[in-house]
Amino acid sequence: MKMRKLAVILIGLAFFAILQPIEIVSAQESYSGLSKMIGLKLGGYIEFGRYTVKFTDVDQDWTKAVITIYEDGVKKAEEPLSVGDVLYYPSSANVLFAVKLSWVASYREMVYLELMTPLKLLKENYKMTVGATYTLPSGYPPYKITLTEVTDNTATFKITTPSGSIIVRSVDEGKHLIVAYPITSDISQTPIIYLILDDAVKDDYAIVDIYVPTLIFSGLKIVEGGNTSEKENAQVVEEPTQLIYSDILYVGERLRVDYNGTTYQIYLATLGYYSKFSILDKAGKVLETFTVKEGGSYTCTKAPLRVEIPPNSVDLEYNRTLVRVYAPPGAVAEPIIREAKVIAELSVSSRALLLDGEELIVFINVRNDGRGNAFRVKVVAPLPNDFELKSGIGVWTLSTLDPFSEMPVLVYTIKPTKVGTYSLGPVKVEYYNEAGKKISVTSNTIDKIVVYAIPRLELKAVAYNGTWSNYVRAKANSTIRLRFTVSAAGTDPTYEFVKNATLILKLGNALDGEETLYIGDLAAGEEKVVEGEYLVLGEGISIVGATLRYQDPLGNWHEQEFPNLVLINSVPPTVIVKEKVIEKWPTPEDLPEYIDSVLASMGNSSSTLAEEIMNVTAKYVPQEEKKDRIKILLSILLTVFLVTTVAFGTMMLKYKGEYEKLREKLRRKSRPGGLPKKEEQGYKEEGIEKV
């Protein structure tokens with residue numbers, strides 16, 4: 001990852017060769033610089049704005065060159081530099097610009113300098129909606145950046161230059177675009193805009209980071225120096241001053257360079273802290289062999305080429321390194337077309353599952369084992385028959401899959417709708433190689449994914465004590481038989497079944513016998529019967545229930561309760577004799593006599609009932625008859641009253657006469673002469689009381 005990140009930054013700055021001599025890990029530590037090295041003879045100088053950079057002295061062996069910096073004509077800094085050294089101004093902690101001594105051509109008595117300035121963050125996490133335009137602030141060339149289109153992971157920008165020309169660039173998420181600023185007719189400052197796309201929301205907006213140079217090298221003037229007359233924008237012919245290649249080179253690869261009708265090949269033979277190169281001609285003949293130290297460079301003697309390996313660029317794991325190649329202006333390096341090797345691997349969470357159970361999780365791993373990039377990668381996930389997609393999108397795309405990298409694991413879930421044995425796969429992957437050719441590859445397949453189901457289980461039970469029934473009577477200390485029938489409903493016994501089924505009986509306190517009955521395996525459409533003999537321990541009522549315990553096809557245990565299967569009654573019966581009452585209603589003809597007899601039997605309390613009967617019968621008697629009947633009833637009642645009164649008076653007279661006779665009789669028996677004795681008086685009173 002470290003190597004790939006470094007390569008991305010360096011490729012983005014491939015238009016200029018000016019980087020600080022430390023590992024570059026972010027845009028903040030990157031530089032904007034002139035598009036080519038400037039060759040100066042002793043006394044030569046570069047002017048831009050308020051500043052002058054001058055080649056003022058050199059040692060006898062041309063190993064060190066003294067570089068002096070002037071600001072507004074005043075000397076501000078001076079330092080002897082070896083090849084690769086950098087002079088920071090005003091300091092390394094606060095850099096406005098920097099000068100790097102890249103190469104010393106002693107035979108020409110010239111040094112070659114690179115001029116650069118740090119990039120600074122202008123806009124961080126800046127949100128641009130589609131159609132919005134951002135213009136660089138005052139002090140910078142008036143470039144305008146317009147967001148024209150946004151997809152799921154790509155944004156397209158239109159850059160309007162100060163001259164009015166239009167540049168259209170597309171950039172993927174996590175990638176960047178750079179824009180150069182022409183300083184003279186043949187020298188540019190690159191980049192003037194360094195834009196990173198952080199996020200893209202389709203048809204809506206993009207989040208970007210925008211970097212710009214700290215200093216603009218405007219008003220550039222170059223004086224070569226030496227015995228030559230002053231030349232503005234001087235160029236050194238036949239010297240390797242132009243960066244023509246900044247990319248990865250693998251061991252065994254050849255980079256072809258064409259210059260002025262001649263073809264050269266740079267061959268990487270071995271890789272290490274010192275890497276070995278060879279320069280070949282068009283036919284493959286070795287012209288020169290040399291080594292380059294990591295972080296150093298080598299200028300060829302048999303070809304107008306210079307090869308440089310930046311610091312921390314050697315990748316021994318993949319036998320590759322980042323290489324920069326310089327050549328004279330006009331030279332062209334042919335791009336190396338490498339083949340991607342995309343591999344897709346399919347795996348699942350399980351090869352056996354239950355219908356209506358857990359979902360099947362599918363994993364797809366896609367990686368690039370080749371040396372080339374894979375572009376516009378499209379991954380199509382498989383979906384077997386009788387399965388439905390539950391989560392995941394099923395199709396994934398990626399703009400670029402770098403060499404020796406892999407996509408994040410793609411995950412989706414599917415759920416079966418039917419039992420059976422199925423195959424899954426293959427995954428289909430389509431991509432374009434570096435030559436623009438469409439390539440299709442497929443993954444492995446997964447066979448024998450089995451979908452099982454648990455059949456619907458039913459349990460019935462009967463008891464035998466002369467007859468089979470789910471309710472039986474039995475005597476204490478007698479034996480009865482219990483029979484249990486287990487059945488499995490379903491249509492496919494191959495995939496619908498249970499294993500190791502066992503009945504665990506709940507007998508209560510009134511029965512004794514085997515409580516565990518083994519049934520075994522049971523498939524759809526199958527039925528099994530088990531029996532046992534049980535002793536009735538005493539009097540009571542016993543309800544027999546059971547728990548059916550079994551394993552599903554995957555081996556998981558389940559339990560199913562059946563609480564009320566059979567009722568055993570061992571309570572002796574109780575004989576209850578009940579007198580039969582025969583009720584007889586009187587006929588209409590007998591009803592008056594029946595009412596009369598009832599009223600007569602009630603004595604004095606019959607009046608209330610008589611009134612109720614009269615109220616009931618009154619509504620059925622015509623009105624006139626009611627009046628006559630009332631008169632008759634009143635006459636009868638009056639007659640009864642008179643008769644009763646006469647009889648009562650007669651009886652009173654009769655009892656009064658008898659009373660007088662008795663009293664007279666007692667009086668005659670009294671003793672003559674004086675009052676009677678107390679005893680006698682009491683006797684008389686007692687006798688009277690008795691009468």
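Everything numeric here is computed off the predicted structure, so don't read it as measured data. Throughout, residues of each chain are indexed from 1 in the direction in which the sequence is written. For a predicted model such as this one, the threshold for reporting local features is a pLDDT of at least 70, and the threshold for listing and counting side-chain atom pairs is 80 or more; totals across whole chains, interfaces and linings nevertheless cover every residue. Excluding hydrogens and water, the side-chain values take into account all heavy atoms of the structure.

Draft legend 1. Structural detail: the overall build of the chain. Under the DSSP-based scheme used, a helix requires at least four consecutive residues in state H or I and a strand at least two consecutive residues in state E, with every element numbered from the N terminus. Assigned secondary structure in the chain consists of five helices and 49 strands. Note on classification: 1.4 Å probe, protein chains only; a residue is buried when its accessible area is under 20% of the maximum for its type, exposed when over 50%, partly exposed between these limits. Taken across its 691 residues, the chain has 42% of its residues classed as buried. Contact criterion: two residues are considered in contact whenever any of their non-hydrogen atoms come within 4.5 Å of each other. Within the chain, residue pairs in contact and separated by at least 24 positions form 57% of the contacts whose partners lie at least 6 positions apart. Total accessible area on the chain stands at roughly 38,200 Å², and carbon and sulfur atoms take up 52% of it. Where accessible areas are quoted, they stem from the Shrake-Rupley method and a 1.4 Å probe; at the residue level, only the protein chains shown are allowed to cover.

Draft legend 2. Structural view of helix α2 (residues 591-602). In this scheme, a helix's expected span is set at 1.5 Å multiplied by one less than its residue total. Over its twelve residues, α2 extends 17 Å from the first C-alpha to the last, a length consistent with the 16 Å expected when each residue adds 1.5 Å. Two residues or fewer after α2 comes Gly603, characterised by a positive phi angle close to 70°.

Draft legend 3. Local environment of the packing of aromatic side chains. Any two of the Phe, Tyr and Trp rings considered here, Trp counted by its six-membered ring, make a pair once their centres fall within 6.5 Å; the pair's planes then place it as stacked at under 30 degrees, edge-to-face at over 60, or tilted in between. Taken as a whole and judged by the stated rule, the model has 21 aromatic pairs. Between Tyr89 and Phe97, the ring centres sit 5.3 Å apart and the planes meet at 40°, which makes this aromatic pair tilted. With relative accessibility at 6%, the residue Tyr89 sits in the buried group. On the basis of relative accessibility, which here comes to 0%, the residue Phe97 falls in the buried class. Among the aromatic residues, those joined into a cluster by ring pairs are Phe48, Tyr51, Tyr89, Phe97 and Phe217. Over the aromatic face of Tyr205 sits the side chain of Lys127, whose NZ or CZ is 4.2 Å from the ring centroid. A ring has a charge above it when a Lys NZ or an Arg CZ is no more than 6 Å from the ring centre and no more than 35 degrees off the ring normal. Lying over the aromatic face of Trp468, Arg483 brings its terminal NZ or CZ to 4.0 Å of the ring centre.

Draft legend 4. Geometry of a nonpolar patch on the surface. By definition, no residue in a patch forms a salt bridge, and every one has over 30% relative accessible area; like charges are joined within 9 Å, nonpolar side chains (Val, Leu, Ile, Met, Phe, Trp, Tyr) within 5 Å. Definition used for salt bridges: Asp or Glu carboxyl oxygen within 4 Å of a side-chain nitrogen of Lys or Arg. A grouping of Ile361, Val409 and Val411 is seen on the molecular surface, where their side chains present a nonpolar patch of about 210 Å² in accessible area. Within the secondary structure, Val409 is located in the loop between β34 (405-406) and β35 (410-416).

Draft legend 5. View of the sheet that holds strand β29 (residues 352-354). Strand pairing is assigned whenever DSSP identifies at least 2 bridges connecting the two strands. With respect to topology, three strands assemble into an open sheet ordered β29-β39-β36, the strand pairing being mixed. Two strands close off the open sheet at either side, each with one partner strand: β29 and β36 (420-424). The mean inter-strand angle of the sheet, taken between neighbouring strand axes irrespective of direction, is 30°. The pairing of β36 with strand β39 (residues 446-452) spans four bridges and is antiparallel. Within β39, the residue paired with Leu424 across the bridge is Ile446. Angular values range over 0 to 180 degrees, each being the angle between N-to-C directions of two axes fitted as lines to C-alpha atoms, with helices fitted over their stretch in contact.

Draft legend 6. Looking closely at the pattern of salt bridges. Across all of its chains, the model carries 21 salt bridges by this definition. One salt bridge in this structure joins Arg320 and Asp315, with 3.1 Å as the shortest N-O distance. The buried category is assigned to Arg320, whose relative accessible area is 8%. We classify Asp315 as buried; its relative accessible area is 10%. Two residues, Arg367 and Glu345, come together in a salt bridge whose shortest N-O distance is 3.0 Å. Linking Arg367 in strand β30 (residues 360-368) with Glu345 in strand β28 (residues 342-348), this pair joins segments that are 22 residues apart in sequence. Note on Arg367: relative accessible area 24%, which makes it partly exposed. What you see here is one network of salt bridges that share partners, running through Arg481, Arg483, Glu531 and Glu533.

Draft legend 7. Just the nonpolar core, in detail. Counting 56 residues, the largest nonpolar core has Phe48, Val53, Phe97, Leu115 and Phe157 as the members making the most contacts within it. If sequence neighbours within four positions are ignored, Phe157 has contacts with Met128, Ile145, Thr146, Leu147, Thr148, Ile167, Val168, Arg169, Val171, Leu177, Leu195 and Val208. What is meant by a nonpolar core is a set of buried Ala, Val, Leu, Ile, Met, Phe, Trp, Tyr and Cys residues, joined one to another through side-chain atoms within 4.5 Å. Ranked by size, the runner-up nonpolar core spans 31 residues in total, among them Leu459, Leu511, Val566 and Ile568.

Draft legend 8. Local environment of the environment of Tyr452. Among the secondary structure elements, Tyr452 is positioned in strand β39. Tyr452 sits 40 residues away from Asp492 along the chain, and the two C-alpha atoms are 9.6 Å apart. Here Tyr452 is in contact with Ala352, Leu353, Leu354, Leu355, Val419, Thr494, Tyr495, Phe497, Pro553 and Leu554, once residues within four sequence places are set aside.

Draft legend 9. Representation of the pairing of β28 in the model. Because side chains alternate across β28, one face comprises the buried residues Val342, Ala344, Leu346 and Val348, and the other comprises Ile343, Glu345 and Ser347, none of which is buried. Bridge count between β28 and β30: seven bridges; the pairing is antiparallel. Looking at the pairing, Val348 lines up with Val362 of β30.

Draft legend 10. Up close: the sheet that holds strand β33 (residues 395-401). Taken together, the four strands give an open sheet; going across it, the order is β33-β31-β37-β38, and neighbouring strands pair in antiparallel fashion. Where the open sheet ends on each side, the last strands, each with one partner, are β33 and β38 (438-442). Going from strand to strand, the sheet's axes swing by 20° on average, the running direction of each strand aside. As judged from the four bridges shared by strand β31 (residues 374-380) and strand β37 (residues 428-432), these two strands associate in the antiparallel manner. Paired with Val379 across the strands is Val429, a residue of β37.

Draft legend 11. Seen up close, the confidence of the model for the chain. Scored by pLDDT, the chain has a mean of 84; 83% of the residues are at 70 or more. pLDDT measures the predictor's confidence residue by residue and takes values from 0 up to 100. Across residues 1-28 the pLDDT falls below 50, and counting only partners more than four positions away or on other chains, this stretch makes 80 contacts in the model. Of the regions scoring below 50 in pLDDT, residues 228-237 engages in 23 contacts with residues more than four places distant in sequence or in other chains.

Draft legend 12. Inspection of the side chain of Thr161 at higher detail. Assignment of secondary structure puts Thr161 in the loop between β12 (154-160) and β13 (166-172). We classify Thr161 as buried; its relative accessible area is 10%. Within polar-contact distance, the side chain of Thr161 engages the side chain of Ser165 at 2.6 Å. When residues no more than four places from it in sequence are discounted, the contact partners of Thr161 are Tyr143 and Ile167. Whenever a nitrogen or oxygen atom comes within 3.5 Å of another N or O atom, the pair is scored as a polar contact, on the condition that within protein one atom can donate a hydrogen and the other can accept it, and that pairs from neighbouring residues in sequence are kept only if both atoms are in side chains.

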